[in-house]
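# Residue-level structure breakdown
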Amino acid sequence: MKRAFNCHCCGHCCLNLIDAYNGCVSDADLERWQQLGRDDLLVWVKTLDLGPNNKLHTAWVDPETGDDVERCPWLIDRLDQKGHICGIDDIKPDHCRAYPEHQRHAESTGCVGYQEKAVIHDSITDNLVRNK
Ligand code: SF4
Ligand code: SF4
């Protein structure tokens, strides 16, 4: 059955799907952040030059150590411990904005955004316990 999508800020996608925090950001992402003067974001992106017109922008990379992060630096834990929010939601990377692509994608990757409320509550609780 097809349901409306409603993100419940469980944080599963940001915490557990490695593509979310160790992936590539797009040229459009970089342009957006450059136009906004968001050097604080840009320093966490490492661009690899793979040849003519072929650049790969990897994120997020710790600017001090040069290591890939193990948790997205922009993910904020809610003070009431009922989930997480994105600290750069308005300008987050395109791949974060596009997730989940559809209900089947959500279900196959553990996103609860299409589930009933009661199920969502249990899933959020489980997720928070798992990640403590
Ligand atoms: S897994 Fe789904 S419901 Fe949970 S924060 Fe991500 S998009 Fe929202
Ligand atoms: S940028 Fe925002 S939406 Fe993307 S992984 Fe980080 S906290 Fe999650």
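Residues numbered from 1 in each chain as written. Chains lettered and ligands numbered in written order. Predicted model: local features only at pLDDT ≥ 70, side-chain atom pairs only at ≥ 80, totals over all residues.

## A closer look at the overall build of the protein chain
A tally of helices and strands in the protein chain yields seven helices and five strands. Ordered by position in the sequence, the α and β elements of the protein chain form the string α-α-β-α-α-β-β-β-β-α-α-α. Split into buried and exposed, the 132 residues of the protein chain put 20% on the buried side. (Helix = DSSP H or I, 4+ residues; strand = E, 2+ residues; numbered from the N terminus. Buried ≥ 20, exposed ≤ 12 C-beta atoms within 10 Å, placed from the backbone.)

## Remarks on the site of ligand 1
The environment of ligand 1 is formed by Cys-7, His-8, Cys-9, Cys-10, Gly-11, His-12, Cys-13, Tyr-99, Cys-111, Val-112 and Gly-113. Residues belonging to the shell around ligand 1 are distributed by class as follows: seven nonpolar, four polar and no charged. (Near = placed C-beta within 6 Å. Nonpolar A, V, L, I, M, F, W, Y, C, P; charged D, E, K, R; others polar.)

## Things to note about the site of ligand 2
Close contacts around ligand 2 come from Cys-14, Ala-20, Tyr-21, Cys-72, Trp-74, Leu-75, Cys-86, Ile-88, Lys-92, Pro-93 and Cys-96, and that covers them all. Taken together, the residues of the shell around ligand 2 break down into ten nonpolar, no polar and one charged.

## Comments concerning the environment of Glu-64
Note on placement: Glu-64 falls in the loop between β3 (55–59) and β4 (75–77). When the C-alpha positions of Glu-64 and Val-43 are compared, they lie 9.4 Å apart, and in sequence the two are 21 residues distant.

## Some words on the nonpolar core
Core analysis: the biggest nonpolar cluster contains 17 residues, and Cys-13, Cys-14, Ala-20, Tyr-21, Trp-60, Cys-72 and Cys-111 have the highest contact counts within it. Elements that contribute at least two residues to this core include exactly α1 (12–16) and α2 (18–21). Not counting residues within four places of it along the chain, the set of residues in contact with Cys-13 comprises Ala-20, Tyr-99 and Cys-111. (Core = buried A, V, L, I, M, F, W, Y, C linked by C-beta atoms within 7 Å. Contact = placed C-beta atoms within 7 Å.)

## Overview of the confidence of the model for the protein chain
One rule of thumb: low pLDDT means the predicted coordinates there are not for detailed reading. Of the residues in the protein chain, 86% have a pLDDT of 70 or more, and the chain-wide mean is 89. Confidence, expressed as mean pLDDT per element, reaches its minimum in the protein chain at helix α7 (residues 117–130) with 46 and its maximum at helix α4 (residues 39–42) with 98. Between residues 120–132, whose pLDDT stays under 50, and residues either more than four places distant or in other chains, the model counts 14 contacts. (pLDDT = per-residue confidence, 0-100.)

## Some remarks on unusual backbone geometry
Among all residues save glycine, negative phi is the norm, and among peptide bonds the norm is trans. With an omega of -5°, the peptide bond between Ala-59 and Trp-60 qualifies as cis. Along the chain, Trp-60 turns up in the loop between β3 and β4. Of note, the bond from Tyr-99 into Pro-100 is cis; its omega dihedral lies within 30 degrees of zero at -15°. Mapped onto the secondary structure, Pro-100 falls in the loop between α5 (94–97) and α6 (103–109). Of note, the phi angle at Asn-53 is positive, near 55°, even though the residue is not glycine. If you trace the backbone, Asn-53 turns up in the loop between β2 (45–49) and β3. Backbone geometry places Gln-81, a non-glycine residue, at a positive phi of 60°. Here Gln-81 is to be found in the loop between β4 and β5 (84–86). What makes Gln-81 exposed here is the crowd of 10 C-beta atoms within 10 Å.

## Description of the pairing of β2
Where a strand is regular, its side chains alternate between the two sheet faces. Sheet analysis places β2 next to β3, joined by five bridges and oriented antiparallel. Directly across from Thr-47, in β3, lies its bridge partner His-57. Adjacent in sequence and paired antiparallel, β2 and β3 are bridged by five residues, among which Gly-51 carries a positive phi angle near 125°. (Pairing = 2+ DSSP bridges.)

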